[in-house]
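One letter stands for each residue in the lines below.
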Amino acid sequence: MPIKSYILHCEENSKKKLLKELHKLSECEIIPAQNHEIIIVVTDTESEESDTKIYNQLLEMKGLKHLSLVSGFDAK
């Protein structure tokens, strides 16, 4: 069960649109910063395959400037 946290840096004026897209993803918690163009995403997936799928979906989102993995944990 991989649990990972990411910091997503948004392109200028794209935070709201990116948030809408992020809320469509399952197995994630979304935490937007109130004073910066960043969003924290915490994923809690059942398998490595599901984790990889979410990671790839994050990378392909429009409005994403940069994605940083902050922490990762696997209960194996």
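The preceding data block contains the structure.
Please read all numbers here as calculations on a predicted model, not as lab measurements. (Residues numbered from 1 in each chain as written. Predicted model: local features only at pLDDT ≥ 70, side-chain atom pairs only at ≥ 80, totals over all residues. Heavy atoms only, no water.)

Colleague: Where do I start with the side chain of Ser14 in this structure?
Modeller: With respect to the helices and strands, Ser14 occurs in the loop between β1 (2-10) and α1 (15-22). Setting aside residues up to four positions removed in sequence, Ser14 forms contacts with Glu37 and Gly63. (Helix = DSSP H or I, 4+ residues; strand = E, 2+ residues; numbered from the N terminus. Contact = heavy atoms within 4.5 Å.)

Colleague: Quick question: what am I supposed to make of the environment of Cys10 here?
Modeller: With respect to the helices, strands and loops of the structure, Cys10 is situated in strand β1. Residue classification places Cys10 among the buried residues on the basis of a relative accessible area of 6%. Remark: the alpha-carbon pair of Cys10 and Asn56, spanning 46 residues in sequence, is separated by 16 Å. Setting aside residues up to four positions removed in sequence, Cys10 forms contacts with Lys15, Leu18, Glu37, Ile39, Gly63 and Lys65. (Buried < 20%, exposed > 50% of the residue type's maximum accessible area, 1.4 Å probe, protein only.)

Colleague: What's the story with the nonpolar core in this structure? I'm lost.
Modeller: Nonpolar side chains in soluble globular proteins tend to end up buried together. Formed by 15 residues in total, the largest nonpolar core has its most connected members in Leu8, Leu18, Leu22, Ile39 and Leu58. Those elements giving two or more residues to this core turn out to be β1, α1, β3 (38-44), α2 (48-59) and β4 (64-74). Among residues more than four places away in sequence, those in contact with Leu8 are Leu18, Leu22, Glu37, Ile38, Ile39, Val41, Leu58, Leu64, His66 and Leu67. (Core = buried A, V, L, I, M, F, W, Y, C linked by side-chain atoms within 4.5 Å.)

Colleague: How should the pairing of β3 be read in this particular structure?
Modeller: Looking down a regular strand, the side chains alternate between one sheet face and the other. Of the two faces of β3, the one holding Ile39, Val41 and Thr43 is buried and the one holding Ile38, Ile40, Val42 and Asp44 is not buried anywhere. Note that β1 and β3 share 7 bridges and pair antiparallel. Looking across to β3, one finds that Ile3 is bridged to Asp44. (Pairing = 2+ DSSP bridges.)

Colleague: What should I look at first to understand α1 in this one?
Modeller: Every α-helix winds through 3.6 residues per turn, so residues three or four apart in the chain are directed the same way. Buried within α1 we find Lys15, Leu18, Leu19 and Leu22. When α1 is viewed along its axis, its buried side chains cluster within an angular range of 105° and face the same direction. For α1, exposure combined with an orientation more than 90 degrees from the buried face picks out Lys16, Lys17 and Lys20. (Arc of directions from axis to C-beta.)

Colleague: So what exactly am I meant to see when it comes to unusual backbone geometry here?
Modeller: The phi dihedral of Asn13 falls on the positive side, at around 60°, and the residue is not glycine. Tracing the chain through its elements places Asn13 in the loop between β1 and α1. Under the relative-accessibility criterion, Asn13 is labelled exposed at 73%. You will see that Glu27, though not glycine, has its phi angle at about 65°, which is positive. Looking at where Glu27 falls in the secondary structure, it is placed in the loop between α1 and β2 (28-32). Owing to a relative accessible area of 30%, Glu27 belongs among the partly exposed residues under this scheme.

Keep in mind that these numbers describe shape and distance, not what the molecule does.
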